[in-house]
Amino acid sequence: MNLPSLKIGDLIAKVPIIQGGMGIGVSLSKLASAVANEGGIGVISGVQIGFKEKDFKINNDIANIRGLIKEIRKARELSPNGILGVNILSAVNNYKDMVKTAVKEKIDLIISGAGLPKQLPELVKGSNTKIAPIVSSSKAISVIAKIWDKRYKYIPDAVIVEGPYAGGHLGFSVQQLKSLKLPKLSDIVKEVIETLKPFEEKYKKKVPVIAAGGIYTGRDIAKFLKIGVAGVQMATRFVATEECDAHINFKNAYISAKEEDIQIVVSPLGMPGRAIRNEFIKFVEKGKQPINKCYRCLKHCSPASAPYCISDALINSVQGDIERGLVFVGTTAYRLKEITTVKKLINELVSEAEESLG
């Protein structure tokens, strides 16, 4: 294979692809382990991961800790030698406990977005777990790197740069996402690489930059490798695989979607994302949906003002109740036509990338 490996500290993935964390419950142990077994980095989504636990509604934090432990252990059992990560949103209330649990379970990599993970280095101190923030601008990584440098004498082990074509919890305004001229991921990536250089020089440490959002083919991977990224993160394409942990109805929603079905939605936290237009979105557009139970899962979410419960919406969809749930998608979801396997998908991506680079 001619593709460069993805090196994050002493972690070496022979395929420079990180499978994006997708929650609630879309990427758990089955998908993450399958990707890891093919040489990529498999990622479990930590958001509301305990939704299958019997006491989820009454002991949310405890159920999520228990669910996280179960999924990490299942993934490690299925992929004893692969590289496994967990995506934990900075915006969740039990962020510290979730990170500490993942570290205790010896997870290889923690990825954090939906806010600035200012305390992350302290939470992994003394472990071998690598940490990678998700950012959407050079300004964001500059802030994170300066804080980590000053407080902890540490800089990111990797940085994931997510552009405007990704799915949920985007770091762009609704106005930006609806504009005719979206910011180019390639431009943002280049700016982030430049911003990191002084920190790399200070710490004598290479910080791999990973491009994410709208990357669909091996040719796309090659394009970003050529401009200096160390790898890519892909999520949407892994939904249409046999190993994806979501219900078959969720996968078929991706395959059935047309380009015009994908629209911008706003989460209860005010963060925009993309979702497939369905009955649930139509109901939300008519007015606030009643919230019968608050899980207290997000730091700045109030049931009094939230237009709907994002936990219930995401759990409904991942369990197959598509019309009563929120189906987050990347911009390229409409291009999916069939369900494949992780092995076939990664082989296809690698072959296309090698041909494009060759």
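Here the structure is shown first, and the text comes after it.
Description of the structure in this document. (Residues numbered from 1 in each chain as written. Predicted model: local features only at pLDDT ≥ 70, side-chain atom pairs only at ≥ 80, totals over all residues. Heavy atoms only, no water.)

This part takes up unusual backbone geometry. In this model, Gly23 is joined to Ile24 through a cis peptide bond whose omega is 5°. Relative to the assigned elements, Ile24 resides in the loop between strand S3 (17-19) and helix H1 (29-37). With phi around 45°, Gln48 is a residue other than glycine that occupies positive phi space. Of note, Gln48 is situated in the loop between strand S4 (41-45) and helix H2 (60-78). By relative accessible area, which is 4% here, Gln48 ends up buried. (Helix = DSSP H or I, 4+ residues; strand = E, 2+ residues; numbered from the N terminus. Buried < 20%, exposed > 50% of the residue type's maximum accessible area, 1.4 Å probe, protein only.)

We now examine the pairing of strand S5 (residues 83-87). On a regular strand, one side chain projects to one face of the sheet and the next to the other, so that they alternate. Among the five residues in S5, five count as buried, and that is most of the element. Residues Ile83, Gly85 and Asn87 point to one face of S5 and Leu84 and Val86 to the other, with burial holding for every one of them. Direction of pairing for S4 relative to S5: parallel, over a ladder of five bridges. Bridging from a neighbouring strand, Ile44 pairs with Val86 of S5. Following the chain from S4 across H2 to the adjacent parallel S5, one finds a crossover that is right-handed. As defined by bridge partners, S5 adjoins strand S6 (residues 109-112) across three bridges and the pair is classed as parallel. Paired with Gly85 across the strands is Leu109, a residue of S6. Running through helix H3 (residues 95-104), the crossover from S5 to the neighbouring parallel element S6 is right-handed. (Pairing = 2+ DSSP bridges. Right-handed = clockwise from strand over helix to strand, strands pointing away.)

With 15 residues, helix H5 (residues 138-152) extends 20 Å from end C-alpha to end C-alpha; this agrees with the ideal 21 Å at 1.5 Å per step. Regarding H5, the residues found buried are Ser138, Ala140, Ile141, Ser142, Ile144, Ala145, Ile147, Trp148 and Asp149. Elements in contact with the buried residues of H5: helix H4 (120-123), strand S7 (130-135), strand S8 (159-162) and helix H7 (185-203). Immediately downstream of H5, the backbone of Lys153 shows phi near 55°, a positive value. (Expected span 1.5 Å × (residues − 1). Contact = heavy atoms within 4.5 Å.)

On to the side chain of Gln263, then. Along the chain, the position of Gln263 falls in strand S11 (residues 262-266). A distance of 2.8 Å separates polar atoms of two side chains, one belonging to Gln263 and the other to Arg277. The contact partners of Gln263, leaving out residues within four places of it in the chain, are Gly273, Arg274, Ala275, Arg277, Ile281 and Glu285. (Polar contact = N/O pair within 3.5 Å; in protein donor to acceptor, adjacent residues only side chain to side chain.)

On the surface, Lys181, Lys184, Lys190 and Lys223 cluster together to form a positively charged patch. For Lys223, the location among the structural elements is in helix H8 (residues 218-226). We classify Lys223 as partly exposed; its relative accessible area is 46%. (Patch = residues over 30% accessible without salt bridge, like charges linked within 9 Å, V, L, I, M, F, W, Y side chains within 5 Å. Areas by Shrake-Rupley, 256 points an atom, 1.4 Å probe, with all protein chains shown as cover. Salt bridge = Lys/Arg side-chain N within 4 Å of Asp/Glu carboxyl O. Lys, Arg positive; Asp, Glu negative; His and termini not counted. Charge placed at Lys NZ, Arg CZ, Asp CG, Glu CD.)

Below, the discussion takes up the pattern of salt bridges. Summed over the entire model, instances satisfying the criterion amount to 16 salt bridges. In this structure, Asp321 and Arg324 form a salt bridge, with 2.6 Å as the shortest nitrogen-oxygen distance. Judged by its relative accessible area of 30%, Asp321 falls in the partly exposed class. Several salt bridges converge on common partners, so that one network encompasses Glu53, Asp55, Arg66 and Lys70.

Looking now at the pairing of strand S9 (residues 209-212). Side chains Val209 and Ala211 of S9 all project onto a buried face; the interleaved residues Ile210 and Ala212 project onto the opposite face, where all are buried too. Assessed by its sense of winding, the connection that carries the chain from S9 through H8 to strand S10 (residues 231-234) is right-handed.

Running from N to C, H8 and helix H13 (residues 342-357) cross one another at 50°; their axes reach a closest spacing of 7 Å. The angle between H8 and H13 falls in the class oblique. Once H8 is placed against H13, the crossing between them reads as right-handed. In contact with Gly218, Arg219, Ile221, Ala222, Leu225 and Lys226 of H8, H13 contributes Leu349, Glu352, Ala353, Ser356 and Leu357. Here the residues of the contact of H8 with H13 are counted per class, giving six nonpolar, two polar and three charged. (Axes fitted to C-alpha atoms, helices over the stretch in contact; angles between N-to-C directions. Parallel < 35°, antiparallel > 145°, perpendicular 65-115°, else oblique. Left-handed = near helix turned anticlockwise from the far one by under 90°. Nonpolar A, V, L, I, M, F, W, Y, C, P; charged D, E, K, R; others polar.)

This part covers the environment of His247. Residue position: His247 is located in the loop between helix H9 (236-239) and helix H10 (248-256). With 70 residues separating them along the chain, His247 and Ser317 place their C-alpha atoms 8.1 Å apart.

Relative to the helices and strands, Gly40 is located in the loop between H1 and S4. Distance from Gly40 to Lys205, taken between C-alpha atoms, is 22 Å for residues 165 residues apart in sequence. If we skip the residues at most four places from it in the chain, Gly40 touches Ala13, Val15, Ile17, Val35 and Ile83.

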